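Okay, here's what each chain looks like letter by letter:
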Amino acid sequence: MTDQRAPLIQRGIVDLMIATDRLRFQIETSLRPVGINLTQMSLLNHFSWRPDHAQSITELTEVMAINQPGVTKAVAALADKGLVEKIDSAEDARVKQVKITAKGLDVLNQARRAAYPPVEAAFGQLDDGELAAFVGHLRKMKAYLTE
């Protein structure tokens, strides 16, 4: 990092963290009537792309970048609400596989609708060109960070 870039990078990190924290709070607030939190929504969203695919807690920990106790707690809450089901692993009796249910997909769609207004308002501050550039920059950073 060059001395000229350091202040700009530091300012960007601070702004990104503040914006993320504020948007996260607004989304969490909008999800309360749905009865799930953002971590739970993220797990449901993860499963929604392959609803017939089950994964273990260990696998979820790796792909979601959430610690094992956090994933376990979120999965337990979702299972209690019937939004995911736990299935015995065919390979290891000690392991449970987790899979989204039809009710989980329905609640996820409700959550997406509830979460959209604060997200739309935040991104609505950008014109079309700024939004396209922002998304492009995020994709580039994400690609580097997920290598």
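The following refers to the structure shown. (Residues numbered from 1 in each chain as written. Predicted model: local features only at pLDDT ≥ 70, side-chain atom pairs only at ≥ 80, totals over all residues. Heavy atoms only, no water.)

## Looking at the nonpolar core
Put simply, the rule is: Think of a nonpolar core as a cluster: buried Ala, Val, Leu, Ile, Met, Phe, Trp, Tyr and Cys residues, connected wherever their side-chain atoms sit within 4.5 Å. Relative accessible area decides the class of each residue, using a 1.4 Å probe on protein chains only: under 20% of the type maximum gives buried, over 50% gives exposed, and in between gives partly exposed. The helix and strand labels rest on DSSP assignments: H or I over at least four residues marks a helix, E over at least two residues marks a strand, and numbering proceeds from the N terminus.
By size, the foremost hydrophobic cluster in this structure holds 25 residues, and its most contacted members are Ile36, Met41, Leu44 and Val75. The greatest single-element share of this core, amounting to five residues, is contributed by helix H2 (residues 38-48).

## Remarks on the sheet that holds strand S2 (residues 84-88)
Convention followed: Two strands qualify as a pair provided DSSP detects at least 2 bridges between them. Contacts are assigned to residue pairs with any non-hydrogen atoms lying within 4.5 Å of each other. Note on geometry: axes are C-alpha line fits, over the in-contact stretch for helices, and angles between N-to-C directions span 0 to 180 degrees.
The antiparallel open sheet is built from three strands, whose spatial order is S1-S3-S2. Sheet topology places strand S1 (55-56) and S2 at the edges, where each strand pairs with a single neighbour. Direction of pairing for S2 relative to strand S3 (residues 96-100): antiparallel, over a ladder of five bridges. Of the residues in S3, the one forming a bridge with Lys86 is Val98. The sheet contacts of H2 involve S1, S2 and S3, and relative to S3 the element is tilted by about 85 degrees.

## Quick notes on helix H1 (residues 6-31)
Rules: A helix is expected to span 1.5 Å for every residue after the first.
The end-to-end C-alpha distance of H1, which contains 26 residues, comes to 37 Å, matching closely the 38 Å that a straight helix rising 1.5 Å per residue would cover. Among the residues of H1, Ala6, Leu23, Ile27, Ser30 and Leu31 are the ones counted as buried. On the buried face of H1, the contacting elements are H2 and helix H5 (102-123).

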